[in-house]
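Structural features, examined
The lines below spell out each chain.
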Amino acid sequence: MAVHCPECGFVNAEGANYCQKCGAYLAQGEPDDATTATYRVGETGEIEPVEIEQVTAGGAALVIRAGGGRVGETFALTAERMAIGRRPESDIFLDDVTVSRDHALLVRRGGEYYLDDCGSLNGTYVNRQRVDSHKLADGDELQIGKYKLTYLEG
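Residues numbered from 1 in each chain as written. Predicted model: local features only at pLDDT ≥ 70, side-chain atom pairs only at ≥ 80, totals over all residues. Heavy atoms only, no water.

**Notes on the pairing of strand 15 (residues 147-152)**
Rules: The buried label goes to any residue with under 20% of its type's maximum accessible area, the exposed label to any with over 50%, and the partly exposed label to all in between, with areas taken from a 1.4 Å probe on protein chains only. Elements are defined by DSSP. Helices are runs of H or I of four residues or more, strands are runs of E of two residues or more, and each kind is numbered from the N terminus. For two strands to be treated as a pair, DSSP must find no fewer than two bridges joining them.
Counting buried positions over the six residues of strand 15 gives five, a clear majority of the element. In this sheet, strand 15 lies alongside strand 5 (residues 61-66) in antiparallel orientation, the contact comprising five bridges. If you follow valine 63 over to strand 15, its bridge partner there is threonine 150. Where strand 14 (residues 141-144) folds back onto strand 15 in an antiparallel hairpin, the turn is made up of two residues, including glycine 145, whose phi is positive at roughly 60°.

**Things to note about the sheet that holds strand 15**
Our working rule: In this analysis, axes come from line fits to C-alpha atoms, helices being fitted only over the stretch in contact, and the angle between any two N-to-C directions falls in the range 0 to 180 degrees.
As summarised here, the arrangement of the six strands in space is 6-5-15-14-11-12, forming an open sheet in which the pairing is antiparallel. For this open sheet the edge positions go to strand 6 (74-76) and strand 12 (129-131), each flanked by a neighbour on one side alone. Each strand of the sheet is rotated relative to its neighbour by a mean of 30°, with strand direction disregarded. Pairing of strand 14 with strand 15, which is carried by four bridges, proceeds in the antiparallel orientation.

**Comments concerning the nonpolar core**
So the rule is basically this: By nonpolar core is meant a set of buried Ala, Val, Leu, Ile, Met, Phe, Trp, Tyr and Cys residues that side-chain atoms within 4.5 Å join together. In what follows, residue pairs with any heavy atoms lying within 4.5 Å of each other are defined as contacts.
With 22 residues, the main nonpolar core has Leu62, Leu77, Ile92 and Leu106 as its most contacted residues. Where this core is concerned, the elements lending two or more residues are strand 5, strand 7 (81-85), strand 9 (104-109), strand 10 (112-117), strand 14 and strand 15. Ranked by residue count, the leading element in this core is strand 15, at three residues. The contact partners of leucine 106, leaving out residues within four places of it in the chain, are Leu62, Leu77, Glu80, Arg81, Met82, Ile84, Ile92, Tyr113, Tyr114, Leu115 and Leu136.

**With respect to the sheet that holds strand 9**
In spatial order, the strands read 8-7-9-10-13; together these five strands make up an open sheet with mixed pairing. The open sheet is flanked by strand 8 (92-93) and strand 13 (133-135), the only strands paired with a single partner.

**Details of the environment of tyrosine 113**
Rules: Counting of polar contacts relies on pairs of N or O atoms within 3.5 Å, with two restrictions inside protein: one atom must be capable of donating a hydrogen and the other of accepting it, and residues adjacent in sequence are counted only when both atoms are side-chain atoms.
Along the chain, tyrosine 113 falls in strand 10. Along the backbone, tyrosine 113 and alanine 60 are 53 residues apart, and their C-alpha atoms lie at a distance of 8.5 Å. Once you skip the residues sitting within four places of it in the chain, tyrosine 113 turns out to touch Ala60, Leu77, Thr78, Ala79, Leu106, Val107, Arg108, His134, Lys135, Leu136 and Tyr151. Among the polar contacts made by the side chain of tyrosine 113, one reaches the main-chain carbonyl oxygen of alanine 79 at a distance of 3.0 Å. There is a polar contact of 3.3 Å between the side chain of tyrosine 113 and the side chain of arginine 108.

**With respect to the confidence of the model for the protein**
For residues with low pLDDT, the predicted coordinates do not support detailed interpretation. Counted only if it meets this: How sure the predictor is of each residue is captured by pLDDT, a score from 0 to 100.
Scored by pLDDT, the protein has a mean of 82; 79% of the residues are at 70 or more. Model confidence for the protein, summarised as mean pLDDT per element, is weakest for helix 1 (residues 52-56) at 60 and strongest for strand 7 at 97. Across residues 30-34 the pLDDT falls below 50, and counting only partners more than four positions away or on other chains, this stretch makes zero contacts in the model.

**Topic: the packing of aromatic side chains**
The relation between two aromatic rings is expressed through the spacing of the ring centres and the mutual angle of the planes. Quick note on the threshold: Note on aromatic contacts: the rings of Phe and Tyr and the six-membered ring of Trp form a pair at centre separations within 6.5 Å, being stacked when their planes are under 30 degrees apart, edge-to-face when over 60 apart, and tilted otherwise. Only lysine NZ and arginine CZ atoms are considered, and such an atom sits over a ring when it is within 6 Å of the ring centre and within 35 degrees of the ring normal.
Applying the stated rule across the entire model yields zero aromatic pairs. Between arginine 109 and the ring centre of tyrosine 114, over which it is positioned, the NZ or CZ distance is 4.8 Å.

**Side note on the side chain of aspartate 96**
This is how the line gets drawn: In this tally, Asp and Glu contribute negative charge and Lys and Arg positive charge; neither His nor the terminal groups of the chain are included. Should a side-chain nitrogen of Lys or Arg be within 4 Å of a carboxyl oxygen of Asp or Glu, the pair is scored as a salt bridge.
Along the chain, aspartate 96 turns up in the loop between strand 8 and strand 9. For aspartate 96, which is buried and forms no salt bridge, the nearest opposite charge comes from lysine 146, at a distance of 4.2 Å. A polar contact is formed between the side chain of aspartate 96 and the backbone nitrogen of lysine 146, at a distance of 3.3 Å. Sequence-distant contacts of aspartate 96, that is, excluding residues within four places in its chain, are made with Arg86, Gly145, Lys146 and Tyr147.

Here you go:
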């Protein structure tokens, strides 16, 4: 069975320990006690550790679970509309060539968040299914380019 790289998505041969494309370690299975430290980037650019309960206390949030060396970075969903993309001005900036400049939108409708694809070339996925628009539920896994994010409700 092929092994997908958690960082770049490259399909590696069975039994590979490191990705042929980017060199990332290919973990074989998930440890039972796996945890992800969460953080946010402060106004000065410094990394500030945060408790996930602190982030979700104010409402829903996204946490990067894999990709781009940013595992654990959190984004509180505080606006009615939040742009996701490779454009540096995006509310959720994902710097990867497989992410479109204007890739997707998070939109609050009736108190619930929806993820809408903006016609991206490589697609937007929720729980490994390509979507055009999807109502998010607690624990949903989003994939945008090489990034995997988890949606957490507050």
